[in-house]
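Report on the structure
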Amino acid sequence: MTLIMIISFCILMVLAVPVGYALIIAAGVGVLFNGYVPLSVVAQQVFDQTQSFPMLALPFFMLAGTLMLGGELGRQLLALASKAMQRWRGGPLSTTVVSSVVFGGVSGSAVANASALGSVLIPWQKRQGYPPALCAANNATSAVIDVLIPPSIPMILYSLISGVSVGNLFLAGILPGLIMAASFVFVCWFVSLRRGYDAQAVKVKKSELAMLALKSFPAILLPVLVVLFLRFGLATPTEVAVLSVVYSLLLSLLFYRDLTWARFCENVVEAGAATGVVMLVIMGSAAVGWVLTFDQAPQQMAAWVASNISSPILIILLMNILMLIVGMPLDMPPAILLLGPIFVPLADAIGLDRVQLGLMMVINLGIGLYTPPIGTTLFISSSIAKAPLGATTRELWPFFGMAMLLLLGVSFIPSLTIY
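Residues numbered from 1 in each chain as written. Predicted model: local features only at pLDDT ≥ 70, side-chain atom pairs only at ≥ 80, totals over all residues. Heavy atoms only, no water.

Observations regarding the overall build of the protein chain
Applied cut-off: By definition, any uninterrupted DSSP run of H or I lasting at least four residues is a helix, any uninterrupted run of E lasting at least two residues is a strand, and each is numbered from the N terminus. Relative accessibility under 20% of the residue-type maximum defines a buried residue, over 50% an exposed one, and the middle range a partly exposed one, all with a 1.4 Å probe and only protein chains included. Contact definition: two residues touch when any of their heavy atoms are within 4.5 Å. Under the convention used here, a 1.4 Å probe and the Shrake-Rupley method define accessible areas, while residue burial counts only the protein chains that appear.
When helices and strands are counted, the protein chain shows 19 helices and 0 strands. Expressed as a percentage of the 419 residues in the protein chain, the buried residues total 53%. Within the protein chain, residue pairs in contact and separated by at least 24 positions form 79% of the contacts whose partners lie at least 6 positions apart. Summed over its atoms, the accessible surface of the protein chain is roughly 17,800 Å², and 71% of this surface lies on carbon and sulfur atoms.

What to know about helix α12 (residues 237-255)
Under the convention used in this document: The span you would expect from a helix comes to 1.5 Å times its residue count less one. The directions considered for the arc run from the helix axis to the C-beta atoms.
A rise of 1.5 Å per residue sets the reference length of α12, with its 19 residues, at 27 Å; its end C-alpha atoms lie 25 Å apart and thus fit the reference within 8%. All buried positions along α12 are accounted for by T238, V240, A241, S244, V245, S248, L251 and S252. Down the axis, α12 shows its buried residues gathered within 165 degrees of arc, on one side only. R257 sits one or two residues past α12 and shows a positive phi near 55 degrees.

Topic: the pattern of salt bridges
Definition in use: The salt bridge criterion pairs a side-chain nitrogen of Lys or Arg with a carboxyl oxygen of Asp or Glu, the two atoms within 4 Å.
By the definition in use, this model includes 3 salt bridges. Among the salt bridges present, the one from R263 reaches D258, with a minimum N-O distance of 3.4 Å. The exposure classification of R263 matches that of D258, with both residues buried. In this structure, D348 engages R354 in a salt bridge whose closest nitrogen and oxygen atoms are separated by 2.6 Å. Under the relative-accessibility criterion, D348 is labelled partly exposed at 40%. Taking the relative accessible area as the measure of exposure, R354 reaches 30% and is therefore partly exposed.

Points about the nonpolar core
For clarity, the cut-off: Definition used in this section: a nonpolar core is a set of buried Ala, Val, Leu, Ile, Met, Phe, Trp, Tyr and Cys residues joined via side-chain atoms within 4.5 Å.
Judged by nonpolar contacts, the single largest core of 131 residues is most densely connected at F343 and L357. Examining the composition of this core, we find that 12 residues originate from one element, helix α16 (residues 332-350), more than from any other.

Focus on the state of the cysteines
Note on terminology: disulfide describes a covalent bond linking the sulfur atoms of two cysteines. Note the following rule: The disulfide criterion is simple: two cysteine sulfur atoms within 2.5 Å.
What the rule picks out here adds up to 0 disulfides. Of all cysteine sulfurs, the one in C188 lies closest to C135, which takes part in no disulfide; the gap is 9.7 Å.

Topic: a nonpolar patch on the surface
Put simply, the rule reads: The residues that make up patches have over 30% relative accessible area and no salt bridge, and they are joined within 9 Å when like-charged or within 5 Å when they are Val, Leu, Ile, Met, Phe, Trp or Tyr.
Taken together, the side chains of I313, L314, L317, L318, I321, I325, L405, L408, F412 and I413 present a nonpolar region at the surface, about 870 Å² in accessible area. Mapped by element, the contributors of at least two residues to the nonpolar patch are α15 (312-327) and α19 (389-412). By the element assignment, I325 lies in helix α15.

Points about the environment of M404
Examined against the element boundaries, M404 turns out to sit in helix α19. Separated by 37 residues in sequence, M404 and I367 place their C-alpha atoms 8.3 Å apart. Dropping the residues within four chain positions of it, M404 is found in contact with L324 and I367.

With respect to the confidence of the model for the protein chain
The cut-off we apply is this: Per-residue confidence from the predictor is reported as pLDDT, which spans 0 to 100.
Across the protein chain, pLDDT averages 82, with 94% of residues at or above 70. Per-element mean pLDDT across the protein chain ranges from 71 in helix α14 (residues 297-308) up to 92 in helix α17 (residues 354-368).

Comments concerning the packing of helix α4 (residues 57-69) against helix α9 (residues 153-162)
The line we're drawing: To get an axis, a line is fitted to the C-alpha atoms, and for a helix only the part in contact is used. The angle between two axes follows their N-to-C directions and goes from 0 to 180 degrees. Should an angle lie under 35 degrees it is considered roughly parallel, over 145 roughly antiparallel, and from 65 to 115 roughly perpendicular; all remaining angles are considered oblique. Each residue gets one of three labels, nonpolar for Ala, Val, Leu, Ile, Met, Phe, Trp, Tyr, Cys and Pro, charged for Asp, Glu, Lys and Arg, and polar for the others, Gly among them.
In the contact formed by α4 and α9, the axes pass within 11 Å of each other and the chain directions differ by 170 degrees. One element, α4, and the other, α9, form an angle in the roughly antiparallel class. Within the contact between the two elements, α4 uses L58, F61 and M62 and α9 uses I153, I156 and L157. Per-class residue counts for the contact of α4 with α9 are 6 nonpolar, no polar and no charged.

As for the packing of helix α7 (residues 110-127) against helix α8 (residues 132-142)
The test is simple: Left-handed describes a crossing whose near helix is turned anticlockwise from the far helix by less than a right angle; the clockwise case is right-handed.
Running from N to C, α7 and α8 cross one another at 155 degrees; their axes reach a closest spacing of 10 Å. In terms of their interaxial angle, α7 and α8 are classed as roughly antiparallel. In the crossing of α7 with α8, the sense of the turn from one axis to the other is right-handed. Along the contact surface, α7 presents N113, A114, L117, G118, I122, Q125 and K126, while α8 presents P132, C135, A136, N138, N139 and S142. Among the residues forming the contact of α7 with α8, the class breakdown is 6 nonpolar, 6 polar and 1 charged.

Quick notes on the packing of aromatic side chains
This is how the line gets drawn: Between rings of Phe, Tyr and Trp, where Trp is taken as its six-membered ring, a pair exists when centres lie within 6.5 Å; planes separated by under 30 degrees are stacked, by over 60 edge-to-face, and by other angles tilted.
One pass over the full model with this rule turns up 5 aromatic pairs. Both rings, one in F186 and one in W189, keep their centres 5.9 Å apart while their planes meet at 35 degrees; by these two values the pair is tilted. You can see F186 and its partner W189 sitting in helix α10 (residues 166-195), 3 residues apart, about one turn around the helix. On the accessibility criterion, W189 (37% relative accessible area) is partly exposed. Every member of this aromatic cluster is reached through a ring pair, and the members are F186, W189 and F190.

Details of the side chain of S94
Considering the arrangement of structural elements, one finds S94 in helix α6 (residues 91-104). By relative accessible area, S94 is classed as buried at 2%. In this view, S94 contacts M85, V185 and C188; residues no more than four positions away in its chain are not counted.

Let's talk about α17
The cut-off we apply is this: Distance and chemistry together define a polar contact, namely a pair of N or O atoms within 3.5 Å, with one atom able to donate a hydrogen and the other to accept it when in protein, and with adjacent residues in sequence counting only for side-chain atoms on both sides.
Its 15 residues place the ends of α17 21 Å apart at the C-alpha level, agreeing with the 21 Å of an ideal helix rising 1.5 Å per residue. A distance of 2.8 Å separates the backbone nitrogen of V355 from a side-chain oxygen at the start of α17, and that oxygen is part of D353.

See the structure below:
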């Protein structure tokens, strides 16, 4: 049944069927070929997944992000990042990296980050004299920092299938996220130095920076509050997500006073559409996961690997290679939901911490977002910059190399994922 399902899914992906529909259809085909399991099981699994209370965290976190980024707060965050970085060599490029860190604490979505920041920063960077392909590569890779800085939508999905605390995952992602940001800032500086891009002679008053920091502080405080509430058990992930929406509404209404009924409705529709896309994938993955569980495929794979490959280091390397391959054609949510049930038993068999596995998976599949042939942030950024995809891909290599070094570090140095 599992083999038929996998073959059906691959055929549907080649035919360019949307991932959510492909998952549901493939699971149905697998069940039909079994002959003993009623097809209604697929419908039941698809429906049951929508009744999960923890799943409510997804739409509320998305709504909080759209509320905070769609108004004055988003503009203040961008102004703070640009003013703080533009006087350094490669500063306009580094502005994208720093903005991804501060926006990551609000949006939790790499694709949303790539679209929002790219549409504003890439045209500005091009006017500063930076090549369009370099601007696109910088935006495509920096957007992935979002999935490491809490709150992170992919981490929430991983926690649902692994049983790991969301608070532990959020806390573990902070250090790798900051390391990735620092390494990308270094790449921006090094590329600018090598190509002779001079620093801008811009004088920024400390009082101006302080005022921008004060206006942006509420947004920077949100991820801190999220981690603290989850870490000390003050609220569940769903409750924290709801509180984030209330926090965002109060900020927009009382602090920035820029929330109109029209913008609120627009933000709700935007968050609802994004949630619908993710939920369809989750529903399809639930059906696929049931088929895998019915056939005991994850347990059989874990047992086979443990009995045939004795080195945990080699197993971790093979897991990373498989995630890199899967992450190229698949987006993060379906990849996490498909690979998680397979890799969690395997990690338990070799003594790999589940939180460490979660960080490996998020970083690895995040790299897939800007890896050809189907890199989502790569296509978005190239389109915004009006740069050829091949030229953008060539500019990716320094960023890609730094991300791979971080991935290896997280894979083999558990202290990088302290929680």
